[in-house]
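Here's the letter readout for the chains.
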Amino acid sequence: MTATMEAVAAAAIATTPVQEQAALHLHPTGKTMSSLPSTPTSASSETSQALSEIFFVESSRRKQSIKIQVKLCPEGVYLRRETDQDDHINEQLIRIDDIIGSRYGPRLKKRPRGGLTSCKNPNGDAAQEQEQQPDRDNSAYLYIYAYLKKEKPLRRVQTLRILRFRSSNEYAENLQTAELWHRTIREHKQRNSTTIDISGNISGAGFGSGKHLLILLNPKSGSGKGRELFQKQVAPLLTEAEVQYDLQITTHPHYAQEFVRTRKDLLERYSGIVVASGDGLFYEVLNGLMERMDWRRVCRNLPLGIIPCGSGNGLAKSVAHHCNEPYEPKPILHATLTCIAGRSTAMDVVRVELSSMEKHYVMYSFLSVGWGLIADIDIESERLRSIGAQRFTLWAIKRLISLRTYKGKVFYLPHPKEEHEQGKPAEAAVAAAAAPPQEKETPLQLSVEEQAPPSRPISLPLNVNGDVSEVSDVSEVSEFRDLPEDLNEESETDPDQFVDALSMDRSIFRQHADSWHSAMSRRTAYYSVGGQSIRSNRSRMSVSQRIEAANAEFAEIVPSGTIPGLKLPLPAAEGWCCEEGDFVMVHAAYTTHLSSDCYFAPESRLNDGIIYLVIIRSGVGRHQMLNFLLSMNTGTHLPAGGNDPFIRVVPVKAFRIEPSGSDGILVVDGERVDYGPIQAEVLPGLINVMTTNGQ
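Residues numbered from 1 in each chain as written. Predicted model: local features only at pLDDT ≥ 70, side-chain atom pairs only at ≥ 80, totals over all residues. Heavy atoms only, no water.

Peer 1: Give a detailed account of helix α11 (residues 331–339), specifying residues and quantitative values.
Peer 2: In terms of burial, α11 is a largely internal element, nine of the nine residues being buried. Those residues of α11 that fall on the buried side of the exposure criterion are P331, I332, L333, H334, A335, T336, L337, T338 and C339. (Buried < 20%, exposed > 50% of the residue type's maximum accessible area, 1.4 Å probe, protein only. Helix = DSSP H or I, 4+ residues; strand = E, 2+ residues; numbered from the N terminus.)

Below you can see the structure in the form of structure tokens.
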């Protein structure tokens, strides 16, 4: 391949509001082109530099050739178009963040998303062009897949750029040129990603790390169309982005929780975990990870993503809001783009402690804790799940007609107002001592007689099954641990039952297409077609590394609370407040959205270390509650200035609810839990979630 290259191209540019595509062609005809490295070795040594070529596109509408300079640089693909007549110049930059991937090789037989238009050489013999057969085409093609971010309205525009390289009569040389561009795009995306794991590998999208993405799919999500939604909307994007993934189909409740808890090679094999379902499956994954002995390393090095295939989808909308990314009208597409962006952001987790009858246990929450009206609507409307998200609206009307109240006590530890206003880091806010805030007439500060002994925070111990161990003295109570009594004891669950055992063979898939689209299919494990790997439970680490890692894992414990245990009194000296009486609802949120259309906590951030506690007391009118519910989709439901006598929102670090009766509903992340005393405390930035900005 010579250093001087010449080109003429013939292709039409087709553009629609949803998709843009262009085919640029390169072949020798006697016109000067920009230089390219002449050998593969020199090409590989210059991949960090910008690549540039000049192409010509024939416009049948204008009956003239359009000169386009294509430049590949770390910022993205730069296109500069100039016409021959009036020297009119148009410029476009396809940002590297908007490019999800590329592929090179021969011309695709099946037109991708609209495909290529027919090609002809305007300077050559038409009859000779007709005689040329497609299988004798020596051109190499580069397909660049991008989703451009547009404002007003906020949206992603699907864009396809096709470069045809035919500067040589040899297909191998043209392929080398296309491969150089393809490899350079991958390297630019690698350097642009900011999420790096403990080994220095990029995580989150699978770029350069050699690891797969673990996708957990609930086939019954989306009214039983989970498989179909994944195959039609998620899988094509993963293919365009060249993301290697393992797909696990859940078969029963708590399958995902057991899978992530028992999988031994989770960190070695996977770059991240993506949940293709609603918030309920994400809840299972989070609590499964927290039950692992290496929970700290997993939470730090394994980002979590969500693709909204369920009916709630509060986390997916909160992540989109955080990243300033579009959500509607294609939430699955937009969430998939977020999961393959290769970046992550720290996110708060709330440690929830419950006590009902003789049962005491701890769980971890990412969305909300609810008692009262919203919890009633969420759970009682389950009987209308078949109609989708409209079930919430219908049941809200029913509950407003017969408005209930619940008697009990609500304790909360206010978040330091001065630190919240100055925007200090969440970690500093949690560690700093909280000065008692200005109290209103309704909240009562706990008396000194009710406070706990001035000792370190104590939590009730848990055994292996999550039950409370019997202790004779409170001073002997140890911290929470997720380790068995015998460190050599193996888990009761056989890990081999989750070992991947089925590849996604195309011929088999065609024969059993009905089973894929069926929510009752027994097939649970699938792999991306791009490449299978050898299945092994054997660790790749050396003996010394395994011993060191095991010692570190066994030394780590599940995070214990910094507040007194649920059965212990709360210290007044630390600023705890108490409200007692009848409540319509008490709802604590730590993400902006509870569902895709419920903008519940507008001021919330993913990692601000704040729980927004909304308290609605008895006496509020039905008309005011109707306005409250109708305004939640715009975030204008909370009273301004905090002067409303019935509705209040309090930023807190921790809270406790003690219902007086035994008849009611408590929910954690939309899942019903045992009714009884409950308390929660925020753990700032405990996990990482996949985002597009990494902030």
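From this point on, the discussion continues.
Peer 1: Would you mind going over the environment of K567 in detail, with residue names and values included?
Peer 2: Its location among the elements puts K567 in the loop between α18 (543–555) and β20 (577–589). Here K567 falls in the exposed class, since its relative accessible area comes to 54%. When the C-alpha atoms of K567 and S355 are compared, they prove to be 8.4 Å apart, with 212 residues separating the residues in sequence.

Peer 1: Before we move on, could you go through helix α8 (residues 279–290) and cite the residues and values that matter?
Peer 2: If you check α8, its first and last C-alpha atoms are 17 Å apart, about what 12 residues at 1.5 Å a residue would give, namely 16 Å. Among the 12 residues of α8, 11 are classified as buried, and the element is accordingly described as predominantly covered. For α8, the complete set of buried residues consists of D279, L281, F282, Y283, E284, V285, L286, N287, G288, L289 and M290. (Expected span 1.5 Å × (residues − 1).)

Peer 1: Any details on the packing of helix α5 (residues 226–240) against α11? Residues and values, ideally.
Peer 2: For the pair α5 and α11, the least separation of the axes is 10 Å and the interaxial angle reads 35°. Remark: the crossing between α5 and α11 carries right-handed chirality. Within the contact between the two elements, α5 uses L229, Q233, V234, L237 and L238 and α11 uses I332, L333, T336 and L337. Partitioned by chemical class, the residues of the contact of α5 with α11 number seven nonpolar, two polar and no charged. (Axes fitted to C-alpha atoms, helices over the stretch in contact; angles between N-to-C directions. Left-handed = near helix turned anticlockwise from the far one by under 90°. Contact = heavy atoms within 4.5 Å. Nonpolar A, V, L, I, M, F, W, Y, C, P; charged D, E, K, R; others polar.)

Peer 1: Describe the packing of helix α13 (residues 390–401) against helix α19 (residues 622–630), and please don't skip the residues or the numbers.
Peer 2: Running from amino to carboxyl end, α13 crosses α19 at an angle of 160°, the nearest separation of the two axes being 10 Å. With respect to α19, the axis of α13 lies roughly antiparallel. For the pair α13 and α19, the sense of crossing is right-handed. Seen from α13, the contacting residues are A396, L400 and I401; seen from α19, they are R622, M625, L626 and L629. Counted by class, the contact of α13 with α19 contains six nonpolar, no polar and one charged residues. (Parallel < 35°, antiparallel > 145°, perpendicular 65-115°, else oblique.)

Peer 1: Lay out the pattern of salt bridges in plain terms, naming residues and giving numbers.
Peer 2: Charged atoms that come close allow side chains of opposite charge to pair. Under the defined criterion, the tally for this structure stands at 25 salt bridges. Note that R351 and E353 form a salt bridge whose closest N and O atoms lie 3.7 Å from each other. As far as the burial class goes, R351 and E353 line up, both buried. One salt bridge connects E380 with R404, and the closest N-O pair in it is separated by 2.8 Å. With E380 in helix α12 (residues 373–380) and R404 in the loop between α13 and β17 (406–414), the pair connects residues that are 24 residues apart, well separated along the chain. On the basis of relative accessible area, R404 is assigned to the partly exposed category, the value being 32%. Here the salt bridges share partners, and the residues they tie into one network are R95, D97, D98, K149, R156, E325 and R343. (Salt bridge = Lys/Arg side-chain N within 4 Å of Asp/Glu carboxyl O.)

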